[in-house]
Each structure stands twice: as C-alpha cells, then as structure tokens.
Amino acid sequence: MSGTGPVEAGEGTLAHGPPPAPPGPPGRLARRRRTVLATAAALAVLAGVGYLYAGRPESRPDTPPPYPSQAVDLVYLDPVATPRTATAGPGFSFAVALSVRSGPPVTVTRLGQPYAGLSVASSPAAPFQTKPHSVRRITVTLRVTECDKAPRNPGLPFLDVTLRNTRAIQVHSFILGPRYAQHLSEALQVACGNRIR
Amino acid sequence: MRQRSLIAITAALAAGALTLTACGSRDDDGGSDSGSGDGTTVVIGVDAPLTGDLTALGLGIKNSADLAAKTANKQKYVDGVTFKIEALDDQGQPSVGQQNAAKLVADKSVLGVVGPLNSSVGESMQKVFDSARLVEVSPANTGPSLTQGPDWRTKKVRPYKSYFRTATTDAIQGPFAAQYVYNDAKKKKVFVIDDKKTYGAGLAGTFTEEFKKLGGKVVGTEHINPDTKDFSSVATKVKNSGADVVYYGGEYPQAGPLSKQIKEAGAKIPLVGGDGIKDDTFIKLAGAGSDGDLATSVGAPVEELDSAKKFVADYKAAGYKEDYAAYGGYSYDSAWAIIEAVKKVVDDNGGKLPDDARAKVTEAMQNVSFDGVTGKVSFDEFGDATNKQLTVYAVENGAFKAVKSGTYTG
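Residues numbered from 1 in each chain as written. Chains lettered and ligands numbered in written order. Predicted model: local features only at pLDDT ≥ 70, side-chain atom pairs only at ≥ 80, totals over all residues.

## What about the overall build of chain B?
Piece 1. Secondary structure assignment for chain B yields 13 helices and 14 strands.
Piece 2. Its C-alpha atoms give chain B a radius of gyration of 24 Å, within 12% of the compact-globule value 22 Å for 410 residues.
Piece 3. Considering only C-alpha atoms, chain B reaches an extent of 100 × 45 × 35 Å along its principal axes.
Piece 4. For chain B, the residues scored as buried account for 56% of the 410 residues in total.
Piece 5. Of the contacts made within chain B by residues no fewer than 6 positions apart, 75% connect residues no fewer than 24 positions apart. (Helix = DSSP H or I, 4+ residues; strand = E, 2+ residues; numbered from the N terminus. Rg over C-alpha atoms; globule rule 2.2 N^0.38 Å. Buried ≥ 20, exposed ≤ 12 C-beta atoms within 10 Å, placed from the backbone. Contact = placed C-beta atoms within 7 Å.)

This is how it looks when you write it as structure tokens:
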C-alpha cells in the first residue's frame, strides 16, 4: 500500500473544500442539517449546563455575619485632656480607636472596666454604632471613686465592651497593652497618691 | 455518513462532558492524599507527645497537621508539591524532643516542623532547628522566653529566627487569668501551685505577679512532683491556708487529681489553670467536684469562629479517631503556615524548590499571612502570633463552657 493514499478520504483529510452535495432535494437536506445542528447545539448546551452546575461552588446556606467580637478591633491611642463636666471630678482620659473589619455595623451598647473603685464614661456615650470598614475614635474617662479599692498598678488592664451586631451581643475584653497599663498606673498614683493600698 | 458522524461525535462529547462533571461532583469523597504525582514531596515534621499522659493533646496536634497537609494536596495548593506528615513522639520529655529535632533535621525532605506541645520540649529543640535553618511553628508553646528571650520582662530579644508559634504567650495568659479571678470571680486569696516545669512555673509566675498587683493576696505556694498522683499533703495545706481559690501552673494529668484531692480535703474552692488543663480529661480525673473550676485557653471559642466550624467538620469527615483537642485549630494553622511559606518559595523560584529551601522557607515564614482556622494568622518581629485571643472556661455540669473572652491589642 505504500505510495497510495486512503481509498476513501477520512474525516478531516480533505484538502479542498467540502465534497459535492449528495443527490436529493435541497430543501430536505437543509432541514436535516438544521435538525442536526439544533440537536448538537442542544446537547452542547446541556453538557455545558451540566458541567457548570457540577462545577459550581458548593451550595451553602447564606454565610452568617461574624460574631461582633471577631469583627472589631479596639486599640489604645494616647492620653487626652479630660472633658470637663459640672458633676464629675478630675479623671484619666485616653483615646481608643474602634474599627469594624467586616460584617454588618457594630453597636457598642456598654463600655465598662472591671476594677472596683473606678468608674468609666465615654464620649460618645454608649450606645453608638460604627459602620464596617470604618474607624471611630472614642474618648474614655476613668475616675477614681474609692482609692482603697482601686488597683495599684495593673499589668494588663482591659476594658469590657458590650458589642452587638445582627449576629449576636457579646461582652468582650480588650487588653490594651503596656502603654495603657503604664498611663493608667501613673494616673492612679496622681489621683490617690499613697492612699492606694 | 458525515451527518451521522457529527451526531455521534456531538453525543459522545456531551456524554463525555457529563461524565466528567459527574466525576467532578464526587470530588469531595476520599482521595485526600492525591498529590501532584510526579512532583516533589515535602515533609512537614510533627513533634508532640503521642504516648503517655498528654496523648490526647499530642494526637490532636498530629491529626490536625495531617488534615492541613491532605487539604493542601487535595487542592493542589502548591503546584508540583505533595505534602506528607512525619510525626515523632517526644513523650513530653525535652531530651526526647531534642533527639527528634536531630532526626527531622537529618531528613532533607523536611522543610518545616509543627510542634511541640510543651514549652520545656520547645526549649530543647530550638537550637537544633535554628542551626539547620529549619523552621518550627509551635501550636501550643506559651512560655514567653521562647520568642522573647529569658529577660522578656525587661528586655525582649528574639533568640531564634527559625522559631514561630500560633498560640499566644503566658505573658498574657497569666495576667488575663488573674484579672478574671480577681475582678470577675471576686477571689482575693490564692494558693499557687506549680509543677516546676518551664510552662507550669512560668504561667504560675505571670498569674501571681498580676494577682498581687491587683491587690490579691497569695496565702501559700507549693510545688508538686508531676510523677506522682498523691497530692494529699498539698491539699491539706490548701485547706488550712484559708485560700478562696487555687491557681495551678501545669497540665491536666496532675491538675485533675489535684483538684479532686483538694475538694476531698474539705476546701470547696475552685482550681484555676491555663491551657494545659483545658482538656476533657481534666474533668474526668477531677470528678464531679470540678464544677466551678476554671481554665484559660488560647483563642476564641470554636462556636464564635466560622472558620473553626469548617475545620471541625473537615476533621470529623476525615475520620480521625481522636479528638482535635485544645490545639487542633492552632496545629492546622501552624501546618498551613508552613505550606504557605513553601508556596511562596516555590512561586518565587519559577515553580521549583531552590537548593537552600529550608533557609528560604524560614525567611518566608516571617511574612506569611492568611485567614486560618483561628483567625488571621501572621507573626510579629519575635515570631509570636499577632492574633492574641484568650478565653476563660468554667466547668459546668461536667463540661467546659466559655465564660469570657479577651483580645490583646497592645
């Protein structure tokens, strides 16, 4: 068989254009072609849809928003001047930055501190809301109510913040670090001197 | 003839595509070991106590690291690289851990190590790994000196560039516990006990320091021998001290019997400990009297982390016999940090591991950052986790229940 081509040209082996049209009425041929093409298209679409369906991301129920404590950062900034009020005495004021990293807006419904002998207030006063991907500056003021019960020099003092979003309401402690601890201790010394135990 | 062929080809293509999609839809079951076939195998060493008293924690570490490797292989996360776990048993002993470190260093296919559990074991391994520039990521070591040097209270100096950890440190855990005990639980007189080991003594130290700063009183201290289970004489001393709380620096195999014997001696006061006692085995050993006992542990409660829920589901689906325990999420994240570092090195080197892969992986680890099981995973200049969350758990009706969580943002 060497030197000879195929007896009948196989699919795709034709060098020049399509073969002559087979005998038969042209209208019937066109209908058959249309049927074939429509069938092929339908199958291709079916296959495509099936592929896309099977390859889709795993269907999951709507992902709930994060718990507020997992969406919020609260960091210590610096001491600031204590806002003057008619009823309250001197105190130790500092600024913190509250940021909401993700999820829905988060409302601070309460801002507290755990130590007996101290009271806390904030500006803005709770409740206040912070939008996602934004940062809010808050001024916190601590006042000594009883020197005997105030801590001496807490190493890692924290604020207890009640946070609420559409997922949950939680009390979370934010441990503000050594700078806050140092500034708080200094303020307590000034406020109470040697009256602290 | 051609028309018939066209129909046949189209049908075959459609059927083929449908068959492929059907195969794809079964991608979830099994085959988690499937790697890249003809690519490179990278071994992630694991060192943990796989036998002895601390097995529950150690096997949780091993299985969770294994799950991370299998997940990476299944996802073909690093092109051309198949990850494999090589787990060694340190029995909770520093000397054994050091031998294991040498073994892992000798295996050139090991490019990172997850572990160990115990800080004392970690101390014994650090130098061996660092000399070989082999990166180590501990999911559980909490001793501050491991990352911040022996004088961490006054001057922080990182001793080893190859050591990282995903758990937070006792420099925070101890004070966090003290704050809760003093302010929330309103306990003012503590009896402090430790097991004389790096972790236990260190944690008891940071707790005591903060408790005293807050105004609390230490009415007694004792050290126990972790090789015994008879703590009756210590229990009597606790009873006679007038303490309203006991703080124990150590692990659950001793903490459980200690709690039980203290109550049996007549001191119906809570025992408080750190992450080393936060295992269900503690409650089993301590018995019904343990209701009210407290433990701090690293991280937020699992139910608050959606990423942790997925980990829990995947762990269950993988069919591990043992629980992932206290450090499962941190172990998965430690292994995944190594995988991320390897990926970075491979990507930066044209898709292949370089000759000095260990050094490059160690270098890459410093800048690793990803959303892990336990939250955002990245490391600070000391190799400590930047995500520093802690939770207080109370034993209620025979189970640990989260009562308060905190985040260090200093």
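## Quick look at the packing of helix 12 (residues 328-348) of chain B against helix 13 (residues 357-365) of chain B
Residues and elements named next belong to chain B.
Piece 1. Their axes nearest at 8 Å, the elements helix 12 and helix 13 cross at an angle of 115°. When the axis of helix 12 is compared with that of helix 13, the two are roughly perpendicular. Handedness of the helix 12/helix 13 crossing: right-handed. Facing helix 12, whose interface residues are Ala337, Ala341, Val342, Lys344 and Val345, helix 13 presents Ala357, Lys360, Val361, Ala364 and Met365.
Piece 2. Along the lines of polarity and charge, the residues of the contact of helix 12 with helix 13 split into eight nonpolar, no polar and two charged. (Axes fitted to C-alpha atoms, helices over the stretch in contact; angles between N-to-C directions. Parallel < 35°, antiparallel > 145°, perpendicular 65-115°, else oblique. Left-handed = near helix turned anticlockwise from the far one by under 90°. Nonpolar A, V, L, I, M, F, W, Y, C, P; charged D, E, K, R; others polar.)

## What about the environment of Asp78(A)?
Residues and elements named next belong to chain A.
Piece 1. Its location among the elements puts Asp78 in strand 1 (residues 72-80).
Piece 2. In the structure, Asp78 is positioned 76 residues away from Pro154 in sequence and 18 Å away in space, judged by C-alpha atoms.
Piece 3. Non-local contacts of Asp78, meaning those with residues more than four positions away in its chain, are made with Phe94 and Ala95.

## Examining the confidence of the model for chain A
Residues and elements named next belong to chain A.
Piece 1. Looking at chain A as a whole, the pLDDT averages 77, with 64% of positions reaching at least 70.
Piece 2. Here residues 1-26 scores under 50 on pLDDT; set against residues more than four positions off or in separate chains, the count is five contacts.
Piece 3. pLDDT under 50 marks residues 52-60. Its contacts with residues more than four places away, or in other chains, come to six contacts. (pLDDT = per-residue confidence, 0-100.)

## Concerning the domain arrangement of chain B
All names here are of chain B.
Piece 1. Each assigned domain of chain B is listed here: domain 1 (40-167 + 303-379) and domain 2 (171-298 + 391-407).
Piece 2. Put simply, the middle of domain 1 and the middle of domain 2, counted by C-alpha atoms, are 29 Å apart.
Piece 3. Contributing elements (two or more residues each) for the side of domain 1 that touches domain 2: helix 2 (55-75) and helix 4 (119-131).
Piece 4. Here the element with the most residues in the side of domain 1 that touches domain 2 is helix 4; it accounts for three residues. (Domains from an automatic or database assignment.)

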